[in-house]
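# Results of the structural survey
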Amino acid sequence: MKPDGKVLVVEIVVPAGNDPSFAKWMDLMMVTYGGKERSEKQYRQLFVQAGLQLARIVPTSAGISVIEGVGA
């Protein structure tokens, strides 16, 4: 990746707390297939492991977010 490059991930971000949400339901569905949805904290950790820094999360009205990663 170029030094000024970015990685964009379009995905559901599981909100913190115990309030019901579509993202949490999707997480339960993903478990049955061996996958999972992630929280902001988990995306931060994942990006660090990839040598990136989570720059921002932009929620959309569709219930998904655009997660931006940049070089660490």
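Residues numbered from 1 in each chain as written. Predicted model: local features only at pLDDT ≥ 70, side-chain atom pairs only at ≥ 80, totals over all residues. Heavy atoms only, no water.

## Remarks on the packing of aromatic side chains
In this structure the tally under the stated criterion is two aromatic pairs. Measuring from centroid to centroid gives 6.5 Å for Y43 and F47, while their planes differ by 90°, and the two rings are edge-to-face. Of the two residues, Y43 and F47 both sit in helix α2 (residues 40-49), four residues apart, roughly one turn of that helix. Neither Y43 nor F47 differs from the other in exposure class; each is buried. (Phe/Tyr/Trp six-rings, centres within 6.5 Å; stacked < 30°, edge-to-face > 60°. Helix = DSSP H or I, 4+ residues; strand = E, 2+ residues; numbered from the N terminus. Buried < 20%, exposed > 50% of the residue type's maximum accessible area, 1.4 Å probe, protein only.)

## Some details on the sheet that holds strand β5 (residues 65-71)
Overall, antiparallel pairing links the three strands, which are arranged β1-β5-β4 in an open sheet. Strand pairing shows two members of the sheet lacking a second neighbour, β1 (6-11) and β4 (52-59), which therefore form its edges. Here the strands of the sheet are splayed against their neighbours by 20° on average, with no regard to which way each runs. The sheet contact formed by β4 and β5 spans seven bridges and is antiparallel. Within the sheet, the bridge partner assigned to R56 lies in β5 and is E68. Each of β1, β4 and β5 is contacted by α2, which is oriented at about 145° to β4, the strand it contacts most. (Pairing = 2+ DSSP bridges. Axes fitted to C-alpha atoms, helices over the stretch in contact; angles between N-to-C directions. Contact = heavy atoms within 4.5 Å.)

## Looking at the confidence of the model for the protein
Counting all residues, the mean pLDDT for the protein is 93, and 100% of those residues have values of 70 or more. Looking across the protein, the model is least confident in helix α1 (residues 22-31), with a mean pLDDT of 90, and most confident in β4, with 97. (pLDDT = per-residue confidence, 0-100.)

## Considering the side chain of E68
Following the sequence through the fold, E68 ends up in strand β5. A polar contact is formed between the side chain of E68 and the side chain of K6, at a distance of 3.2 Å. (Polar contact = N/O pair within 3.5 Å; in protein donor to acceptor, adjacent residues only side chain to side chain.)

## Concerning the pattern of salt bridges
A side chain of one charge can pair with a side chain of the opposite charge when the charged atoms of the two come close. This model, assessed by the stated rule, comprises three salt bridges. Among the salt bridges present, the one from R56 reaches E68, with a minimum N-O distance of 2.6 Å. Of this pair, R56 sits in strand β4 while E68 sits in strand β5, and the two are 12 residues apart along the sequence. R56 sits in the partly exposed class, given a relative accessible area of 49%. One network of salt bridges, with partners in common, ties together K6, R56 and E68. (Salt bridge = Lys/Arg side-chain N within 4 Å of Asp/Glu carboxyl O.)

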